[in-house]
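Below are the chains, spelled out letter by letter.
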Amino acid sequence: MAQALLNGVFLGSLFTLVALGLTLVYGVMEIPNFAQAGVMVLAAYTTWSVETAGAPFLLAAAAGLAVAGILSVLTEVLAYRWIRDNPAAAPAIALGLLLILQNIALVIWGGEGKALDTPYDTWTLQLGDVTISGVKVVVVLTAAAAVAVLAAVLNRTSLGRSIRAVAQDREAAALLGVSVKRQYVLSFLLAGLLGGLAAIVFAPTFQISPFMADSLLLSAFVVVVVGGLGSVLGAVIGGMALGLVESLGATFISPAYQSAFGFLFLVAVLIFRPTGIRSVNAQRVG
Amino acid sequence: MTAALELRGLTKAFGGVRAVDDVSLTIEPGHILGLIGPNGSGKTTLLNMIAGTLTPTGGTILLGGVDVTSLPPHVKVARGIARTFQTTRVMSAWTVQESLALAGDARAAAIDAAEHVGIGDLLRRRVGSLSSAQQRLVMVATALASHPKVILLDEPAVGMDVEETDHLHRVVRGIRDEHGISVIVVEHNMRFLMSLADSIVVMATGRILSTGRPDVVRNDPAVISAYLGG
Amino acid sequence: MLTTVLAPRPTSPVRETHRSIAGRYVSIAVVTALTYVAVTQLRGDQGLVAILIAVWAIALTGLNVVQGLGGYPSLAQAAFFGIGAYASSILLASGVPFWLAAVGGVLASVAAGTFVAVVFSRTRGQYFAIGTLFFGAVCTLVFTNESVFTGGPNGMPVGLGMPIPVVLAAIAGSLGVGLVVFDLIGRSRFGRRLRAISADEDLAEHVGVPTARTKAIAVIVSATFGGWAGVLLAQYNGVIAPSQFTFVQGFLMFVAIGIGGYGRLFTPLVGGIVVVGLSQLLKLQPGVSQIALGLVFIVITLLVPGGLIGGAERIARSLFSRKATS
């Protein structure tokens, strides 16, 4: 049981980390950014390549993060920007981007899984019948740090205030002199960095493949829906809740259906609260 | 005679704030009620609760004696409560006829409503191509097309010039006279409202401050101070 | 002040003359005939692609109701497709006579559609997309894991319920019937309500449209089409596997509607041809074809956001200098 709970915390942290990046873009642009999975995959592969070429892990991770940030910004500049006033077109663009990014990975690195080595791979702690692995601890710590930093940025910096202003009311923010274009680019940059971070800490727990982020992204979207679009607190609560639900379900009922428990959780939340737990844009009237 | 619409102790609280506080009101069939009050007095919230856009936190709404308090908007429309909106909300890409056909079940009802409101010759036009005043009339016709017993008009005269306002005046009077429909009109245009309404209700900070005939209410010192005192 | 009008007037958002309605039915008949010729005469790769396009077009016609008319992005259509395929095949494998198995496949899909409808009809736009996406993912999990019934990740063989020529005729015929049904829906009060929901859902609700119920019915209708298409696919293919019905397929179906144009009659065909045709016929290095496909989606969406059919109409109109209809 304790192991299942710990695993839930690990999963929850991972979901939260990915969901933070998604909710930022979603809240600002109303786009479900499925392309994030592709950005994450390429970040992980970049880290692997740089490390395999002999660089120390942190340098490789930095390279991966840089790639993630750049790619994410490119998706905005080259694609999403042109449909800003037509959000209905977003999923088609997202799918196109996803196909491109995932298959670039496939073409460059091939389809076999790659293992990412980290300095903390072999670190494990045994407490009774509970095993804590270093890799999973890093995920949890990273998520916590990311939440703290993002909350600080959004609430205490002028950059954060502008992002929130644009999310609330794009036109009003523009009238107030906020550069909407700049905010979008910055939101995508942040989202890319968060996604890249998630990929790099996630990769060692499994393996790197072009499709590694697919089910993770799906669960992260559930978190965004459940926690409310654009809400950092919602992403944390929703992420941890979902992580626990999936972990407990996988441990006590069926590991193969892990994400199905996530689905049931989503269904349950939507039945009782169709707008999610906390919604920034709660009443979409008028 | 059963009242067309009765509100009993209607309340809407948002967190700690009571936007509408224990409002009770009776409207007879074929009666035009004007609803006025300074900004923030709860007029639109009250309208929203009657129409079903918002659910009351307390109190009851009775339509012809039947409890309709928490029904969703489309059911309220089916029962006979129709509304227009403060900001013009129409199906811009549709023609007037198509928009009206959505509200009225029978073809004839949609056309009758348009004729009544005075836009009978605009049926084939795209709503988006009409003037602002005409679009607001489309909203009124849409409400009329659903065979309501009560129509809620939320600042219908906004953006209208004197001629258009006079026309609207005649339309609303006609709705009452020819169909026996009760109308609640929220308005800031006093000249328009005072000559139109059979009675006036004044709201302030979520409560009813005063009710009565227009000439009586307009001279009530409490009402005057509410508007001037802010 | 009240006058009655004597001349009959059309009741739907699409201004119709009797000639244009007849014209549309003639096009449907022509398309059905061409489809029949394509699926029976083309050989090899081209033949397989033609059949796949035709079957997808049937499923897409259903999607065109909830997404094209109603504006609700459903990513579950591939799941309904798969449920129809698997349910009918499993029943057939258990010895049930074919027609019963086929009906069972459609009913299973309708049941799933009812579940999705009940759970998600009160959710709005993007939430609906994510919810249906997840539903699709869970269905894939079931197809992959319940190997006792479904044969697992490698799929299962499908018994022959009808001779192949009958299957091919059924495919073409179903497409024709499906398009007719879609046309009727589009011109009905139900279709009008869906378009209202798509234009402005809150306004529609305040005008008397029972939005949740209408959306629910649309989902169930789409599931019916999807399920039947699945039955046909299983019968033609002789084998079905989870990879044909994943959430990526669901996403591709969603994109197909956008590429063809929301709510247009022949969107399922145009969208199907682009999405299925390109992904099957682009025989470049593995991975490179997908990159090209992704690029095509992006370019088409950016250039003709209203869909190819609308774009083609605009070009035709300006070429022939006819006055644009308002």
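Every value quoted in this text rests on a predicted model; they were computed, and no experiment measured them.

### Re the overall build of chain B
Turning to step 1, where the next piece is worked out: Within chain B, the secondary structure is distributed over 9 helices and 10 strands.
Turning to step 2, where the next piece is worked out: By the compact-globule yardstick of 17 Å for 230 residues, chain B fits well, its C-alpha radius of gyration being 17 Å.
Turning to step 3, where the next piece is worked out: Along the three orthogonal principal directions, the C-alpha set of chain B runs to about 50 × 35 × 35 Å.
Turning to step 4, where the next piece is worked out: Taken over 230 residues, chain B has a buried fraction of 49%.

### Some remarks on the overall build of chain C
Turning to step 1, where the next piece is worked out: Summing up its helical and strand segments, chain C has 14 helices and 2 strands in all.
Turning to step 2, where the next piece is worked out: Its C-alpha atoms give chain C a radius of gyration of 20 Å, within 12% of the compact-globule value 20 Å for 326 residues.
Turning to step 3, where the next piece is worked out: Per-residue burial for chain C yields a buried fraction of 55% across its 326 residues.
Turning to step 4, where the next piece is worked out: Expressed as a percentage of contacts within chain C between residues at least 6 apart in sequence, the contacts between residues at least 24 apart total 78%.

### Some remarks on the sheet that holds strand β4 (residues 58-63) of chain B
All names here are of chain B.
Turning to step 1, where the next piece is worked out: The strand order β2-β1-β4-β5 describes an open sheet built from 4 strands, whose pairing is antiparallel. Each of the sheet's edge strands pairs with one partner strand only, and the pair in question is β2 (17-27) and β5 (66-67).
Turning to step 2, where the next piece is worked out: Relative to β4, strand β1 (residues 5-14) runs antiparallel, the two being bridged by 5 bridges. Considered in β4, the bridge of L7 is made with I61.

### What to know about the sheet that holds strand β7 (residues 150-154) of chain B
Residues and elements named next belong to chain B.
Turning to step 1, where the next piece is worked out: Sheet architecture is open: 6 strands sit in the order β6-β7-β8-β3-β9-β10, paired in mixed fashion. If you trace the sheet from one side to the other, it starts and ends with β6 (81-83) and β10 (207-212), each paired once. Averaged over all pairs of adjacent strands, the angle between their axes in this sheet comes to 20°, without regard to strand direction.
Turning to step 2, where the next piece is worked out: Here helix α1 (residues 43-51) sits on the sheet in contact with β3 (32-36), β6, β7, β8 (182-186) and β9 (199-204), set at roughly 145° to β7.

### A look at the nonpolar core
Turning to step 1, where the next piece is worked out: Among the nonpolar cores identified, the biggest contains 287 residues, and L14, V41 and A44 of chain A, A141 and V185 of chain B together with V55 of chain C are the most heavily contacted of them.
Turning to step 2, where the next piece is worked out: Not counting chain neighbours up to four residues away, the residues in contact with V55 of chain C comprise I171, A229, L232 and L233 of chain C.

### Regarding the interface of chain B and chain C
Turning to step 1, where the next piece is worked out: With 27 residues of chain B at the interface, the matching set in chain C holds 21 residues.
Turning to step 2, where the next piece is worked out: For the side of chain B that touches chain C, the elements supplying multiple residues, two or more each, are α2 (73-79), α3 (96-103), α4 (107-117) and α6 (162-179) of chain B.
Turning to step 3, where the next piece is worked out: The residue makeup of the side of chain B that touches chain C, split by class, is 12 nonpolar, 7 polar and 8 charged.

### Focus: the interface of chain A and chain C
Turning to step 1, where the next piece is worked out: Contacts between the two partners involve 35 residues from chain A and, on the opposite side, 34 residues from chain C.
Turning to step 2, where the next piece is worked out: Of all elements in the fold, only α4 (90-109), α9 (214-227) and α11 (258-272) of chain A reach the threshold of two or more residues within the side of chain A that touches chain C.
Turning to step 3, where the next piece is worked out: Here the element with the most residues in the side of chain A that touches chain C is α4 of chain A; it accounts for 12 residues.
Turning to step 4, where the next piece is worked out: When the residues that make up the side of chain A that touches chain C are grouped by side-chain class, the tally is 29 nonpolar, 4 polar and 2 charged.

### Looking at the packing of helix α3 (residues 77-93) of chain C against helix α5 (residues 125-145) of chain C
Residues and elements named next belong to chain C.
Turning to step 1, where the next piece is worked out: Where α3 meets α5, the axes come as close as 9 Å, and the angle between the chain directions of the two elements is 30°. Accordingly, the angle class assigned to the pair α3 and α5 is roughly parallel. In this structure, the crossing between α3 and α5 has a hand that is left-handed. Contacts between α3 and α5 pair A78, A79, G82, I83 and Y86 from the former with F135, G136, C139 and F143 from the latter.

### What about the confidence of the model for chain C?
Residues and elements named next belong to chain C.
Turning to step 1, where the next piece is worked out: Of the residues in chain C, 93% have a pLDDT of 70 or more, and the chain-wide mean is 86.
Turning to step 2, where the next piece is worked out: Long-range and interchain partners of residues 1-14, a stretch whose pLDDT sits below 50, account for 27 contacts in this model, where long-range means more than four residues apart.
Turning to step 3, where the next piece is worked out: Across the whole predicted complex the pTM is 0.85, and at the interface the ipTM reaches 0.87.

### Topic: unusual backbone geometry
All names here are of chain B.
Turning to step 1, where the next piece is worked out: You will see that D22, though not glycine, has its phi angle at about 55°, which is positive.
Turning to step 2, where the next piece is worked out: With respect to the helices and strands, the residue D22 is situated in strand β2.
Turning to step 3, where the next piece is worked out: Positive phi outside glycine occurs at T205, with the angle close to 45°.

### Let's talk about the pairing of strand β1 (residues 124-127) of chain A
All names here are of chain A.
Turning to step 1, where the next piece is worked out: As judged from the 4 bridges shared by β1 and strand β2 (residues 130-133), these two strands associate in the antiparallel manner. Bridge pairing in β2 links L127 to V130.
Turning to step 2, where the next piece is worked out: Hairpin geometry of β1 and β2 is characterised by an intervening segment of 2 residues between the two adjacent antiparallel strands and by a positive phi of about 70° at G128.

### A look at the environment of V183 of chain B
All names here are of chain B.
Turning to step 1, where the next piece is worked out: Structurally, V183 is set in strand β8.
Turning to step 2, where the next piece is worked out: Residue V183 is classed as buried on the basis of its C-beta count, with 26 C-beta atoms lying within 10 Å.
Turning to step 3, where the next piece is worked out: Separated by 97 residues in sequence, V183 and Q86 place their C-alpha atoms 15 Å apart.
Turning to step 4, where the next piece is worked out: If we ignore the near neighbours within four places in the chain, the residues touching V183 are I32, I151, L153, V172, I175 and R176.

### What to know about helix α4 (residues 98-120) of chain C
Residue and element names in this part refer to chain C.
Turning to step 1, where the next piece is worked out: Taking 1.5 Å per residue as the helical rise, α4 with its 23 residues ought to reach 33 Å, and the 33 Å between its terminal C-alpha atoms agrees with that figure.
Turning to step 2, where the next piece is worked out: Buried residues of α4: A101, A102, G105, V106, A108, S109, V110, A112, G113, V116, A117 and F120, and no others.
Turning to step 3, where the next piece is worked out: Those residues of α4 hidden inside the fold are in contact with α3, α5 and α10 (211-237).

### What about the pairing of β2 of chain B?
Residue and element names in this part refer to chain B.
Turning to step 1, where the next piece is worked out: Bridge count between β1 and β2: 7 bridges; the pairing is antiparallel. What sits directly across from A13, in β2, is R18.
Turning to step 2, where the next piece is worked out: Here β1 folds back onto β2, and the loop between the two strands holds 2 residues, one of which, G15, carries a positive phi near 60°.

### Concerning the confidence of the model for chain B
Turning to step 1, where the next piece is worked out: Considering every residue of chain B, the mean pLDDT works out to 89; 97% of them sit at 70 or more.
Turning to step 2, where the next piece is worked out: Taken element by element, the predicted model of chain B shows its lowest mean pLDDT in helix α9 (residues 221-229) of chain B (73) and its highest in β7 of chain B (95).

### Quick look at helix α8 (residues 180-202) of chain A
Turning to step 1, where the next piece is worked out: For α8 of chain A, spanning 23 residues, the distance from its first C-alpha to its last is 32 Å, which sits close to the expected 33 Å at 1.5 Å a residue.
Turning to step 2, where the next piece is worked out: Burial runs high along α8 of chain A: 17 of the 23 residues are buried.

### Digging into the environment of S129 of chain B
Turning to step 1, where the next piece is worked out: Mapped onto the fold, S129 of chain B is located in the loop between α4 and α5 (132-145).
Turning to step 2, where the next piece is worked out: The exposure class of S129 of chain B is partly exposed, given the 13 C-beta atoms found within 10 Å.

### Considerations on the packing of α9 of chain A against α11 of chain A
Any two packed helices are characterised by the angle at which their axes cross and by the distance between the axes.
Residues and elements named next belong to chain A.
Turning to step 1, where the next piece is worked out: Taken N-terminus to C-terminus, the directions of α9 and α11 make an angle of 15°; their axes are 10 Å apart at the nearest point. With respect to α11, the element α9 is oriented roughly parallel. Once α9 is placed against α11, the crossing between them reads as left-handed. On α11, the residues touching S215, L218, S219, V222, V225 and V226 of α9 are S259, G262, L266 and V269.
Turning to step 2, where the next piece is worked out: Here the residues of the contact of α9 with α11 sort into 6 nonpolar, 4 polar and no charged.

### Some remarks on the environment of I171 of chain C
Turning to step 1, where the next piece is worked out: Secondary-structure assignment places I171 of chain C in helix α7 (residues 164-186).
Turning to step 2, where the next piece is worked out: As a C-alpha pair, I171 of chain C and A54 of chain C span 117 residues in sequence and 6.9 Å in three-dimensional space.

Quick notes on the rules
Residues numbered from 1 in each chain as written. Chains lettered and ligands numbered in written order. Predicted model: local features only at pLDDT ≥ 70, side-chain atom pairs only at ≥ 80, totals over all residues. Helix = DSSP H or I, 4+ residues; strand = E, 2+ residues; numbered from the N terminus. Rg over C-alpha atoms; globule rule 2.2 N^0.38 Å. Buried ≥ 20, exposed ≤ 12 C-beta atoms within 10 Å, placed from the backbone. Contact = placed C-beta atoms within 7 Å. Pairing = 2+ DSSP bridges. Axes fitted to C-alpha atoms, helices over the stretch in contact; angles between N-to-C directions. Core = buried A, V, L, I, M, F, W, Y, C linked by C-beta atoms within 7 Å. Nonpolar A, V, L, I, M, F, W, Y, C, P; charged D, E, K, R; others polar. Parallel < 35°, antiparallel > 145°, perpendicular 65-115°, else oblique. Left-handed = near helix turned anticlockwise from the far one by under 90°. pLDDT = per-residue confidence, 0-100. Expected span 1.5 Å × (residues − 1).

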